[in-house]
Amino acid sequence: METVYFKDIECHTYGSLPAVGEKAPEFILTGADLSQVTRESFPGKRIVLNIFPSLDTEVCARSVRKFNEEASKIDDVAVVCVSMDLPFAMSRFCTIEGLKDVVPASAFRSPLFAQKYGVLLVDGPLSGLLTRAVIIIDKNGKVIYRDLVHQITDEPDYDAAVKVLEGKY
């Protein structure tokens, strides 16, 4: 269990984020076209899991925009944006915003994703949604970066994530 905060209200997650060096848990998420999105969907790529509560908040929307901008600059990287939002809403957001370098992936059918990755909020105002976190998985399926954002209303540390992707960590 991890402790995070939503507007200074203490909230807890089911489990904990996988540790750096661990094999990343398998996952099955739902893509914009209702297809399955899995780790195997991105062979030969490092995967950035940009996890957040909902695209209907400005901070979450900003994180998707920022990772879209950064992803377009780095080879062999897939940015998968994960929330409980419906795939249709995620697709609509990316289309309206012109975001082509991220993969929207809904966890609405995937309670095991939220549990295995330790991002399911089990109490507090956002209970049932995902907390804000960034996890980077290398080409061999190992976690090489994790950032659990302790104040859910804050943005993730983009610079630290990009440094890992650029090999500057």
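Preceding block: the structure.
**Student:** Just checking my understanding: could you explain the overall build of the protein for this structure?
**Tutor:** Across its full length, the protein holds four helices and nine strands. Each helix and strand of the protein, ordered N terminal to C terminal, gives the series β-β-β-β-β-α-β-α-β-α-β-β-α. Relative to a compact globule of 169 residues, whose C-alpha radius of gyration would be 15 Å, the protein shows 14 Å and is just as compact. Across its three principal axes, the protein shows a C-alpha extent of roughly 40 × 35 × 25 Å. Long-range contacts, defined here as pairs at least 24 residues apart, represent 66% of the contacts in the protein between residues at least 6 apart. Surface summary for the protein: the accessible area is close to 7,900 Å², and the carbon and sulfur share equals 52%. Each charge sign in the protein was given a centre, from 19 positive and 24 negative side chains, and these centres are 4 Å apart.

**Student:** When you look at empty space enclosed by the protein in this model, what are you seeing that I'm missing?
**Tutor:** Think of a ball as big as a water molecule: rolled over the atoms, this probe shows where empty space is left. The final tally for this structure, using the stated rule, is one cavity of 30 Å³ or more. Computed from the structure, the largest cavity encloses a volume of approximately 30 Å³. Lining the largest cavity are Val-48, Phe-67, Glu-70, Ala-71, Ile-74, Val-77, Val-79, Val-162 and Leu-165. Elements that contribute at least two residues to the lining of the largest cavity include exactly helix H1 (58–71), strand S6 (77–83) and helix H4 (158–165). Top contributing element to the lining of the largest cavity by residue count: H1, with three residues.

**Student:** Sorry, what's going on with the side chain of Arg-132 here?
**Tutor:** Among the structural elements, Arg-132 can be located in the loop between helix H3 (111–116) and strand S8 (133–137). Salt bridges are absent for the buried Arg-132, whose nearest opposite-charge side chain, Asp-154, sits at 7.6 Å. A distance of 2.8 Å separates a polar atom in the side chain of Arg-132 from the backbone oxygen of Ile-152. A polar side-chain atom of Arg-132 sits 2.9 Å from the main-chain carbonyl oxygen of Asp-154.

**Student:** Just checking my understanding: could you explain the pairing of strand S2 (residues 9–12) for this structure?
**Tutor:** For a regular strand, the rule is simple: side chains alternate between the two faces of the sheet. Pairing analysis gives four bridges linking strand S1 (residues 3–6) to S2, with the strands arranged antiparallel. Across the sheet, residue Phe-6 finds its bridge partner in S2, namely Ile-9. Hairpin connection from S1 to S2: two residues lie between these consecutive antiparallel strands, with Lys-7 at a positive phi of about 50°.

**Student:** Got a minute to help me understand the sheet that holds S8 in this structure?
**Tutor:** Strand pairing in a sheet relies on backbone hydrogen bonds, with the paired strands running either antiparallel or parallel. In space, the seven strands of this open sheet follow the order S4-S3-S7-S6-S5-S8-S9, with mixed pairing throughout. A strand with exactly one partner marks an edge of an open sheet, and here the two such strands are strand S4 (36–38) and strand S9 (143–148). The mean inter-strand angle of the sheet, taken between neighbouring strand axes irrespective of direction, is 30°. Summarising the sheet, strand S3 (residues 28–31) and strand S7 (residues 103–106) pair through two bridges and their orientation is antiparallel.

Quick notes on the rules
- What you see as residue numbers is a count from 1 along each chain, following the sequence as written.
- It should be noted that, the model being predicted, local features are given only for residues of pLDDT at least 70 and side-chain atom pairs only at 80 or more, the latter also being counted only at that level, while totals for whole chains, interfaces and linings use all residues.
- Excluding hydrogens and water, the side-chain figures rest on all heavy atoms present in the structure.
- The way it works is that DSSP assigns letters per residue, a run of H or I at least four long becomes a helix, a run of E at least two long becomes a strand, and they are numbered from the N terminus.
- When we talk radius of gyration, it's over C-alpha atoms, and the globule rule is simply 2.2 Å times the number of residues to the 0.38.
- Here a residue-residue contact requires only that any non-hydrogen atoms of the pair lie within 4.5 Å.
- The accessible surface values rely on the Shrake-Rupley method and a 1.4 Å probe; as for residues, cover is taken only from the protein chains in view.
- Asp and Glu are treated as the negative residues and Lys and Arg as the positive ones, with His and the ends of the chain left uncounted.
- Every charge is mapped onto a representative atom, which is NZ of Lys, CZ of Arg, CG of Asp or CD of Glu.
- Every definition here rests on a 1 Å grid over the protein atoms only: cavities are sets of points where a 1.4 Å probe fits but cannot get out, pockets are open sets enclosed by protein on both sides within 12 Å along at least five of seven lines, and lining residues have some atom within 4 Å of a point.
- Grid points are joined across faces, edges and corners, and a volume is the space filled by probe spheres set on the points.
- With a 1.4 Å probe rolled over the protein chains alone, any residue whose accessible area is under 20% of its type maximum counts as buried; one over 50% counts as exposed, and the rest are partly exposed.
- Whenever Lys or Arg places a side-chain nitrogen within 4 Å of a carboxyl oxygen from Asp or Glu, that contact is recorded as a salt bridge.
- Two N or O atoms form a polar contact when they lie within 3.5 Å of each other; inside protein one atom must be a possible hydrogen donor and the other a possible acceptor, and for residues adjacent in sequence the pair counts only when both atoms belong to side chains.
- The criterion for strand pairing is that DSSP finds at least two bridges linking the strands in question.
- Axis lines are fitted to C-alpha atoms, over the contacting stretch for helices. Their N-to-C directions set the angle, which ranges from 0 to 180 degrees.

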